[in-house]
Structures are given as C-alpha cells and as structure tokens.
Amino acid sequence: MGEKLRILFMGTPDFACATLRALCESDTCVVGVVTQPDKPKGRGYTLMPPPVKVYAEEQGLPVYQPTTLKAGTEDGDAFAETLRELDPTLIVVVAYGKILPAYVLEYPSLGCVNVHGSLLPAYRGAAPMQRAIIDGCSETGITTMYMAAGLDTGDMLLKRVVPIGENDNFEDIHDRMAEVGAALLLETLEGLAAGTIVPQPQDDALATYAAKIEREDCLLDFSRPAREVHNRIRGLSPIPLSSAAMPNGKRVKIIASMVADEVTPHERVGEILSIDAVGEGRVEIACAVGSIYALRLLPEGKGRMTAADFIRGRRVEAGDIWG
RNA sequence: CGCGGGGUAGAGCAGUUCGGUAGCUCGUCGGGCUCAUAACCCGGAGGUCGUGAGGUUCAAAUCCCACCCCCGCAA
C-alpha cells in the first residue's frame, strides 16, 4: 500500500467503524472523516453523534458533518473547499447515507471505493443485510466497488461470500460482515495498488434492490409460512425488531425465534398453540403453514425477556390470537 | 420541556382506585415419592415495597412532595 495514499473516509453507523478502524491501523493516512450531522435521538431528543464520529474523535481525526454535499448550497460549497484542502487521493465510503455529487466522485485521483453489504448486483441499496436474511438467503457477502453516479452501480472490485446460518440474525450477520468488509477493503486497496484487480461492470439485468426498512416491514404476518415469519424476525433482530398485536391491544416484539414445524396447516393463524415455561421457555405461534417458537420477547413498555419470564408475567395463554 | 410504561424476595408479575405491617408463578435450599424426571408431594430461606431518619396519618407498598434510575414509542 502506497505511503502517499491520502484517504478521506465517509461513513456513519457502527458498520462503517470496523473499516475505519482497519484503515487507521494500517499504514495508510486517513486525512479526514466525513459523517452525518449529530441528530436528536432517544428519549428527550438528546443530540447523538454517529458512531463513526465518536471513533474518529478518539483517534484524533478531523471530523466533518456537512448537512448536504450539494454544490451551490452553503454547506456543500464549504465541503468542496474542505475537499480541496484535504486533497485526498482516494475516498473510501461505507454506509455514509448521502449521495455523493459528481464533483466529489471525480475529485480523488484514485477514485472512490465503496464497501457494500451484499454480493452485487443483488441487493443494491440501503438495507442489504436485513433483506437478505428476510428473504431467507443462505449466503450473502461483501462487494467492494468503484463508485458511479447510480445507486450501488459502480464497477466491482472484490467480493467475499459470507454464509447465513438458518438462525443467524441481523446482528450476527452485521458483525461478521463489518469485519469482512474491513478486511476486504484493505485487500482491495492492496490489489489496486498492485494492479491485480480488474474492475468488473455489474450486470444491471440481475440487479435487485434492498429498500430501507420501514415501519410496515416490522409487522409480523402469521398468514405466511413459518419459515418466512422466522426469517423476518431474525432479519430485524435486535433492531428494529418485528412485532405482533396481543388480544389486549398491546404489542409484543419477538426478539428470537425458531421454526417449530413447517408442514401443518393452520386455520386460526396467529393462535398460541402452546406455552412452555420450562427453562428459557417458548411460546408456539401458529402460522399459515407450520408454527414457530418465540424464544425471547419484548412486551410494550417493558424490557427484553425470555419466553419463560414472559409467560410467568401472565401475558399469554394458549388459545390467544396474535396478529 | 416530544409521547407513554415502570422501579415490591434471584427472575417475571399482583397488590396502590376504597391506606391497616406483603402475595402469585418460577428459581433456590432441605426432605419425600419414583426405574427415572425439567413431573408430583411436604417443608424452609430470602423483601428497610427505587431514594429522601420528607409531608399527611393512630397507621403508607398504597395519599402528597422532591430526586435518582430503567424501559417502550417516536425520531
């Protein structure tokens, strides 16, 4: 890796931190970090810095948080100026959260490299990992690419497959992928420097999109097969979590589940078929075909608990209908 | 001051409306039954009811006041 590499890092959530850390620990020079502005989050709308900012500040890196990059706006023009001052030879983007305008994409002599959480051209877009799990994929992966104007359409550099176990949840995959992404980025930079990587254009005909997770994606539908319900639960766990309504009108989120049965058809979809408070416990819920065991749950207004604790709190009886 | 729920034995909860010295389901410890058991039976330990030697009262987990902490939603 060239000593003269001047890297500008752009990223926002936890997922991006692993790659930033890898860069910081390598012999490259990170000249600056661009991330989203602090946003009011949590109870009482406390202003919270994005994870990347927290890490970057720990490392003593200069942090920039423009509200927009668009040329012609106050922040955008200020950023353009910053860009010239930092004068990066390469920009690395990982889940930054904003579209990069042409002047940014064209600035670095070595281009803009993006780390994306899917095997492109599948699952372009905002939530590739969650969507892959929800869709029941048995594998996904990381793709590094040069950035182009379109949404995740650039020429691909390196790919690395990551298997998805049938009970892996979003957190499992996220953490694994963050590490793989970090490692693959370093390999990509080495490969580019050595000239051993041949950029490959994506076949747009095979492209699929992973839309960001909306509220509606988090509603469980027991009129689906058990496997599908289970995939949705784990794809959205531990955040934002998927939920169902109980007879009392309150909602329960299901944190962890497993498929109990995949063949038996059920008329009363969402019915609690059985409850078992032994050990960690389990609550069996009927799906259109088959059933699932809810293993850990989160009642509205409460904290996370095991199925056994949930049952002891008298929150469920066999025969209840959830939906 | 974004909205709402809550702090009672190791865990999850009830009791607070109509104040009267604490209960349920588990866990735990001991014993019994059983070929055996996460099943069943008997018995026990374990709680200053978030904090304030606050207020009201003959009496507060229950009413009033202040503070601390936790959680869900929404972003």
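**Overview of the packing of aromatic side chains**
Here a ring pair, both rings aromatic, is described through the centre-centre distance and the interplanar angle of the planes.
Okay, so step 1: On inspection of all chains with the given rule, the structure shows 1 aromatic pair.
Okay, so step 2: Look at Phe310 and Trp322: their rings are 6.0 Å apart centre to centre, the planes differ by 80 degrees, and that puts the pair in the edge-to-face class. One end of the pair, Phe310, is in helix α8 (residues 307–312); the other, Trp322, is in the segment after α8, with 12 residues separating them in the sequence. Like Phe310, the residue Trp322 is buried in the burial classification.
Okay, so step 3: Between Arg282 and the ring centre of Tyr293, over which it is positioned, the NZ or CZ distance is 4.1 Å.

**Some remarks on the protein's contact with RNA strand B**
Okay, so step 1: Taken together, 19 residues form the shell around RNA strand B, and within it Arg215, Lys253, Lys302, Arg312 and Arg315 come nearest.
Okay, so step 2: Backbone sugar and phosphate groups make up 61% of those atoms of RNA strand B lying within 4 Å of the protein.
Okay, so step 3: Between RNA strand B and the protein, one listed contact pairs a sugar or linking oxygen with a side-chain N or O atom of Arg312 at 2.6 Å.
Okay, so step 4: Here Arg314 contributes a side-chain N or O atom positioned 2.8 Å from a sugar or linking oxygen of RNA strand B.
Okay, so step 5: Those elements that place two or more of their residues in the surface near RNA strand B are β3 (39–41) and α8.
Okay, so step 6: Split by residue class, the surface near RNA strand B holds 5 nonpolar, 5 polar and 9 charged.

**Overview of the layout of surface pockets**
Okay, so step 1: A volume near 1,600 Å³ is recorded for the largest pocket.
Okay, so step 2: Thr12, Pro13, Ala95, Gly97 and Ala126 are the residues nearest the centre of the largest pocket, which is lined by 50 residues in total.
Okay, so step 3: Of all the secondary structure elements, the ones that give two or more residues to the lining of the largest pocket are α1 (14–25), β3, β6 (90–94), β7 (112–116), α5 (128–134) and α6 (170–194).
Okay, so step 4: Here the residues of the lining of the largest pocket are counted per class, giving 29 nonpolar, 12 polar and 9 charged.
Okay, so step 5: Every residue along the wall of the second largest pocket is listed here: Arg215, Cys218, Leu219, Pro240, Leu241, Ser243, Arg251, Val252, Lys253, Leu298, Pro299 and Glu300.
Okay, so step 6: Here the lining of the second largest pocket takes 3 residues from strand β11 (residues 251–265), the largest share from any one element.

**A look at the side chain of Arg124**
Okay, so step 1: Mapped onto the secondary structure, Arg124 falls in the loop between β7 and α5.
Okay, so step 2: A distance of 2.9 Å separates the side chain of Arg124 from the side chain of Gln202, its partner in a polar contact.
Okay, so step 3: Setting aside residues no more than four positions away along its own chain, Arg124 makes contact with His116, Leu151, Asp152, Thr153, Gln202, Asp204, Ala207, Thr208, Tyr209 and Ala210.

Reading the values: the criteria
Residues numbered from 1 in each chain as written. Chains lettered and ligands numbered in written order. Predicted model: local features only at pLDDT ≥ 70, side-chain atom pairs only at ≥ 80, totals over all residues. Heavy atoms only, no water. Phe/Tyr/Trp six-rings, centres within 6.5 Å; stacked < 30°, edge-to-face > 60°. Helix = DSSP H or I, 4+ residues; strand = E, 2+ residues; numbered from the N terminus. Buried < 20%, exposed > 50% of the residue type's maximum accessible area, 1.4 Å probe, protein only. Lys NZ or Arg CZ within 6 Å of the ring centre and 35° of its normal. Near = heavy atom within 4 Å. Polar contact = N/O pair within 3.5 Å; in protein donor to acceptor, adjacent residues only side chain to side chain. Nonpolar A, V, L, I, M, F, W, Y, C, P; charged D, E, K, R; others polar. 1 Å grid on protein atoms, 1.4 Å probe; cavity = no way out; pocket = protein on both sides within 12 Å on 5 of 7 lines; lining within 4 Å. Points joined across faces, edges and corners; volume = space filled by probe spheres on them. Contact = heavy atoms within 4.5 Å.

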